[in-house]
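Listed here are the chains, written in short residue letters.
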Amino acid sequence: MSRGIDQTTRRARVSLKPDAGQVIAYWDGGYLATPLSMNGAVVIGRDSTADVRVPHPSVSRSHVRLSFGPKPAIEDLGSVNGTRLAGRSLTAHTRTPIPCGAIIEIGDALVLLKCAQAESKPVEVVAESMSGVRELIDRVAKGNIPVTLVGETGVGKEVMADRLHAASPRAGAPFLRINCAALPEQLLESELFGYERGAFTGANNPKPGLLEAAHGGTVFLDEVGELPKPTQAKLLRALECKEIFRIGSLRPRTFDVRFVAATNRNLEAMVGAGDFRADLFHRLCGVVVRVPSLRERGDEIEELSRTFVDEVAEQLRRPAPELCSAFLLALQSYAWPGNVRELRHTIECAVLLCPGSRLEVAHLPRTVLATPSRTTRAGAPNLKTELDDLEKKRILDALERCAGNQTRTASVLGIPRRTLIDRIETYGLPRPRKGRK
């Protein structure tokens, strides 16, 4: 036995019971899942005598001891590269409680604890920020465990799936996306599994499916909750056997892909209602990562907005306009029910409507200004009043600089003259006298 493995650990090795719980480890080029006992302890390390062997150079011979039972705990055994739980470094030779579903970093390897009492549920990880989600995606990408991304429509689940593939050992192989909600059942099946010539009317030539075409790479199942039940059964068989049958064929074809799924639906509730197969649910949901909504990541709105402004301006081959303070305030105060997708569309529209060098509140759709603030609370200033005051001040300043000339004022503000006149009337501002220069 390697150093650090005591008699308790030796007894635990003898009493391992399949399916009592699991330690799942993954690292660059490797992956394993080891069943655990309900009580006792195991040592995870690089040494061949470790209970759970992770053969990666960043992992010490005896790296950590994992106590498994009603109150799981972990102890770093004086490793060289340290142990981190939720990004926090652990003190060596100190027992630290860990929750079921915890993700632990040992060196450059990732270990996931899956408890028996939580076996009916996937391991769901909720990061406190979007940067935490990105960091988690980069870690999970190292292995081969299937990942399901959950979150509202438009939060960027496809972007995270693409990031996961790019950070994985499969990055040089295909990344293929299929929208399970966009295709009718027969077409969805043929896209996934392919078909032989003559399999149905119009099948004039054989066609490989996405699972074949993505061999060695990643298949992204977007809106996986929309998979029809018959297709769920066939996909489950493909996952279990690593082989598929093209429509109209009796010969199986093997494939090797990693599955990443995404959904805005509650798959657990669908399983309970009988709308989604429980066995497929557990196959796809090795790790569940929740992508937060945009209203939960307000600190990113300004950075995202500037990025989108630059992208749109580049497409239009024009200089990127500046964002005035009132424009940013309106963006940061809106609830964004359509999330990042809605923000991108709003910025695209604003840049198109802006003839000048500065984005103003007038270039935003009225829905953004009329909707209550996502941060509204008792005693807080009214957003619309604050924006109106800012806009009135800018109009008055511009009118003064342009000696009351409405055409020049509208040009300076980057808005149509008709919009300027509407704003003057709305705010009850004194109309410049005709002929004033």
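Details of the structure are given in the entry above.
In this report, we go over the structure that sits alongside the text.

## A closer look at the pairing of strand E20 (residues 258-263)
Most of E20 sits inside the fold, with 6 of its 6 residues counted as buried. When strand E13 (residues 147-150) meets E20, the two strands line up parallel, connected through 4 bridges. Directly across from Val150, in E20, lies its bridge partner Thr263. Sheet analysis places strand E17 (residues 218-222) next to E20, joined by 4 bridges and oriented parallel.

## Re the packing of aromatic side chains
Scanning the model with the defined rule gives 3 aromatic pairs in all. Ring centres of Phe175 and Phe220 lie 6.2 Å apart, and the angle between their planes is 15°; this geometry places the pair in the stacked category. You can see Phe175 sitting in strand E14 (residues 175-179) and its partner Phe220 sitting in strand E17, a full 45 residues away along the chain. Residue Phe220 is classed as buried on the basis of its relative accessible area, which comes to 0%.

## What to know about the pattern of salt bridges
If you walk through the whole model with that rule in mind, you get 27 salt bridges. Across the salt bridge formed by Arg246 and Glu196, the nearest N and O atoms sit 3.7 Å from each other. Note that Arg246 is positioned in the loop between strand E18 (243-245) and strand E19 (252-254) and Glu196 in the loop between strand E15 (194-195) and strand E16 (207-208), a separation of 50 residues in sequence. A salt bridge links Arg358 to Glu322; the nearest nitrogen and oxygen atoms lie 3.8 Å apart. Placement of Arg358 in strand E23 (residues 358-359) and of Glu322 in strand E22 (residues 322-323) is noted, with a sequence separation of 36 residues between them. Of the residues examined, Glu322 reaches a relative accessible area of 49% and is grouped as partly exposed.

## What to know about the nonpolar core
Counting 30 residues, the largest nonpolar core has Leu211, Leu221 and Phe259 as the members making the most contacts within it. Of all the secondary-structure elements, those providing two or more residues to this core are helix H4 (185-193), helix H5 (210-213), E17, helix H6 (229-241), E20, helix H7 (267-272) and helix H8 (278-284). Top element by residues in this core is H6. It accounts for 4 residues. If you look at the next biggest cluster of nonpolar residues, it comprises 26 residues, including Phe327, Leu359, Val361 and Val368.

## Concerning the side chain of Ser249
Along the chain, Ser249 turns up in the loop between E18 and E19. Ser249 gets classed as buried once you look at its relative accessible area, which sits at 14%. Within polar-contact distance, the side chain of Ser249 engages the backbone nitrogen of Arg251 at 3.1 Å.

## A word on the environment of Val309
When you line up the elements, Val309 lands in helix H9 (residues 301-316). With a relative accessible area of 1%, Val309 lands in the buried category. Distance in space between the C-alpha atoms of Val309 and Pro321 is 7.4 Å, their sequence separation being 12 residues. Residues in contact with Val309, not counting those within four places in the same chain, are Ala320, Pro321, Leu323, Ile347, Val351 and Leu359.

## Structural notes on the side chain of Thr263
Mapped onto the fold, Thr263 is located in strand E20. Here Thr263 falls in the buried class, since its relative accessible area comes to 1%. A polar atom in the side chain of Thr263 sits 2.9 Å from the backbone nitrogen of Arg265. Ignoring anything within four residues of it in the chain, the contact list for Thr263 reads Thr148, Leu149, Val150, Gly151, Lys157, Glu223, Val224 and Gly225.

Calculation notes
- Residues numbered from 1 in each chain as written.
- Predicted model: local features only at pLDDT ≥ 70, side-chain atom pairs only at ≥ 80, totals over all residues.
- Heavy atoms only, no water.
- Buried < 20%, exposed > 50% of the residue type's maximum accessible area, 1.4 Å probe, protein only.
- Helix = DSSP H or I, 4+ residues; strand = E, 2+ residues; numbered from the N terminus.
- Pairing = 2+ DSSP bridges.
- Phe/Tyr/Trp six-rings, centres within 6.5 Å; stacked < 30°, edge-to-face > 60°.
- Salt bridge = Lys/Arg side-chain N within 4 Å of Asp/Glu carboxyl O.
- Core = buried A, V, L, I, M, F, W, Y, C linked by side-chain atoms within 4.5 Å.
- Polar contact = N/O pair within 3.5 Å; in protein donor to acceptor, adjacent residues only side chain to side chain.
- Contact = heavy atoms within 4.5 Å.

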